[in-house]
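Structural characterization, general
So you can see what is in the structure, the chains are spelled out below.
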Amino acid sequence: PWNMAHNAEPEAVDLCLEVNRLDMILAAIDADNAGRACLYLLSCAAYLPEPEDRTVYMCAYESYLKVNLSTDALRVALKMGDLGLMARVMGSVQDPIEKKQLAYILGDARVWIDLTEGEAAVEDEALCEELQLIMGNVRLSERYLALARDLDVMEAKVPEDVYKSHLIDGRGTSNVDSASGNTAATYVNAFVNAGFGQDKLVTVEEEDAAGDEGAGAGGEGKQSVHWIFRNKQYGKMAAAASLGMVLLWDVEGGLPKVDRYLYASDNMVVSGALLAFGIIASGVTDDVDPAFAVLSEYVANEDDNVKIGAMWGLGIAYAGRAKEDVKDILIPVVGNPDVSIEQASIAALSAALSYTGTADGELVEIILQSLMLRGEAELDSTHGRNMAHALGILFLGKQEAVEATIEVAKTLPEKTSKYTCNVLDMFAYAGTGDVLKVQQFFTTCGEQLEQDAEAEVEPWQTAHQSVAALAIGAIAGGEELGAQMAHRALEHILQYGGPAAKKGVPLALAILNVSNPDVAVIDTLGRLAHDTDDQVVTSALVALGVVGAGTNNARLAGMLRNLSLYYCKDAGMLFLVRISQGLVHSGKGLLTLSPYSSSSKAMLRPAMTGLLVVLLNALDTKGSIGGKLHYLLYGLVPAMQPRMLMTVDETGAMLSVPVRVGDSVDAVAQAGKPKTITGFTTHQTPVLLAANQRAELATERYRAMSTTLEGLVILKENPDWKDADMEG
């Protein structure tokens, strides 16, 4: 108690951790010391093994609740991924404005809590309805467009605005394969105009086709239909689905625009339209749930491609929601040995996406059963691997709970057992910073195959090493010091590892630096993009896009332009360069794909899952995202969210106030009241926040309802402010 009362909280915490008596900290917590003590507790938790870390998190959680810092308590609950604790915070708050702030935080994290029953129940019907609208991100689209209007970036862009071919002497414009070029342009257009509701390729409306005056507009309208049909096969599916990206989050206005494509004569277009339905509804929870009503009808369709579009749409729309109806529809497809492995794998991925990190027994059993029934050739294909990925997704962040399933996975055929075990381990420990697991994966990367000098190494014999390299990045990313050490260790794999391990390194760097284009990382990836091994190159090209996603980073854009010239004769490589160019300019620079919330480093489960699915498929680009399965790139949609800070008043109307934005400073265990940001500049909200930036209010007139300014923050008038002004 003496330490806690005399600004020596770190010593008090250290002592109590040593003697295992954290309850004494809880007893001594008060409004003055809670901030510093909990900050130190949370930073200690990163260095403790499971389950001791949970005890420390619980101590911080209870401390925040004790002093009524509900938003901080909620962020700790998010970090632990415990829905029960989140509901408890919601139930402990009486102030409706504070409840709304908590709902905004949950909406950003794509977490849905039932407010009609249980601990979090809200009796006031009108308030309950409003909280569910906020949590369901129903108004996310209009907020995002308000940000775009404020920053004056509403004008639609075309792929050429991203490629800027004129800057590379016109030499890079020789298009090897126009179908592949068109498909790439579709994705670039989708990423750049994501969420803006308008573009110049797929949303141009046909106006008065018969009218004379509408000749110009009608011409443009024909171009929009024409664009979808300028693609071939899966390209048509991607083009129709890209409409969903442009109309992202706008369920009410977007679905009617996609609806007409459901009646197209070409099944690929229908498939893409269904996928567009899922994309539009991603992260948005509505009582009416129109997306489910449409998609569920088509899962039983006779056409395989239509089925795939509907199932993948369901996975993207309900990522992280654990919606029982989705599971009931998809399980029969996963367990049916008569359907193609492609359909079964997409059904498994979609069901797992919906049940991310729940370790749902029924799904685990049916996916394992399906893996055991398939032949070796099927299991060694991209689709077979996606079945293994689906199994891993169910255990995201579950740590030791995965052990029993790994034992079962060891009984699978040799071609897939090692791969599946590594995937399960990676997902189970993703974002935990577990040092022992990182060491285990390093050992895997360093393994040498014992075999005859003559015998050729089969790809399946070393595939698990690529996963091991990626796993190092996925596990270390949740904790800062671990991430720095992982960067150095990955350099060693590049120097001394085998070809398979090297292939995973660029993707590991990508997951460590999502939407955070660090100069050293960009330079490393730029070097690897000219490697002699084609597979390392393809990984590096995808990684460049993920690292720069939504940042408009000029250095990275220049590097990708040069790469497009360098690979202009190779259609496959050029396709990946184009995809990365599109990702760097995602949402014209207003979006982020980061799987961690910037303040608490809490893992956003649907975001992490979507990213890992795409990166795991990038280990074999020819068979997946660089080939027919490029529609898996839409797996990035659950990770997309605006990187904004927007302030609103108590009614939810936008409120523009001055804020200081600067680089965050680690203030753990520092004496006094240290500054939390450095090198700041003052802006009016709404503002964009880069990966390591934080904001604080630059006015005394308002008080923020959240201690951390990110996403949507409600401001209340400061009652003392007017008096201070009068005295002045």
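Whatever comes next refers back to the structure up there.
Summarised in this report is the structure supplied together with it.

Conventions we followed
- Residues numbered from 1 in each chain as written.
- Predicted model: local features only at pLDDT ≥ 70, side-chain atom pairs only at ≥ 80, totals over all residues.
- Heavy atoms only, no water.
- Salt bridge = Lys/Arg side-chain N within 4 Å of Asp/Glu carboxyl O.
- Buried < 20%, exposed > 50% of the residue type's maximum accessible area, 1.4 Å probe, protein only.
- Helix = DSSP H or I, 4+ residues; strand = E, 2+ residues; numbered from the N terminus.
- Contact = heavy atoms within 4.5 Å.
- Pairing = 2+ DSSP bridges.
- Axes fitted to C-alpha atoms, helices over the stretch in contact; angles between N-to-C directions.
- Parallel < 35°, antiparallel > 145°, perpendicular 65-115°, else oblique.
- Left-handed = near helix turned anticlockwise from the far one by under 90°.
- Nonpolar A, V, L, I, M, F, W, Y, C, P; charged D, E, K, R; others polar.
- Patch = residues over 30% accessible without salt bridge, like charges linked within 9 Å, V, L, I, M, F, W, Y side chains within 5 Å.
- Areas by Shrake-Rupley, 256 points an atom, 1.4 Å probe, with all protein chains shown as cover.

1. So, the pattern of salt bridges
- According to the stated counting rule, one finds 16 salt bridges in the structure shown.
- Of the charged contacts, one joins Lys410 and Glu407 as a salt bridge, the two residues approaching to 3.3 Å between their closest N and O atoms.
- Among the residues examined, Glu407 registers a relative accessible area of 47% and is labelled partly exposed.
- Because the salt bridges share partners, they merge into one network encompassing Lys327, Asp360 and Glu362.

2. Here we look at the environment of Ile228
- Here Ile228 is to be found in helix H13 (residues 215–229).
- On the basis of relative accessibility, which here comes to 1%, the residue Ile228 falls in the buried class.
- The contact partners of Ile228, leaving out residues within four places of it in the chain, are Val202, Lys236, Ala239, Ala240, Tyr261 and Val269.

3. Describing the environment of Ala388
- Looking at the element boundaries, Ala388 is found in helix H23 (residues 382–393).
- Given a relative accessible area of 2%, Ala388 falls into the buried group.
- Sequence separation between Ala388 and His530 is 142 residues, and the spatial gap between their C-alpha atoms is 31 Å.
- Ala388 has contacts with Leu371, Tyr419, Thr420 and Val423, leaving out every residue within four places of it along the chain.

4. Here's the deal with the sheet that holds strand S3 (residues 644–648)
- Pairing in this open sheet of four strands is mixed, and the strands run S6-S3-S9-S8 from one edge to the other. Strand pairing shows two members of the sheet lacking a second neighbour, strand S6 (687–688) and strand S8 (702–704), which therefore form its edges.
- Pairing geometry for S8 and strand S9 (residues 711–717), over three bridges, is antiparallel. Bridge assignment links Tyr702 to a residue of S9, and that residue is Glu717.
- Against the sheet, helix H8 (residues 96–108) engages S3 and S9, with an angle of about 165° to S9.
- Here helix H10 (residues 140–150) sits on the sheet and contacts S3, S6 and S9; the angle it forms with S3, its principal contact strand, is near 105°.

5. Looking at the packing of helix H5 (residues 52–66) against helix H6 (residues 70–80)
- Where H5 contacts H6, the axes come no closer than 8 Å and their chain directions differ by 160°. The orientation of H5 with respect to H6, classified from their angle, is roughly antiparallel. The way H5 lies across H6 gives a crossing that is left-handed. In this structure, H5 contributes Arg54, Tyr57, Met58, Tyr61, Tyr64 and Leu65 to the contact, and H6 contributes Asp72, Ala73, Val76, Ala77, Lys79 and Met80.
- Each residue belonging to the contact of H5 with H6 can be placed in one class, and the counts come to nine nonpolar, no polar and three charged.

6. Re a nonpolar patch on the surface
- A cluster of nonpolar side chains, namely Tyr47, Leu481 and Met485, defines an oily patch on the protein surface of about 350 Å² accessible area.
- Relative to the elements of secondary structure, Leu481 occurs in helix H28 (residues 480–496).

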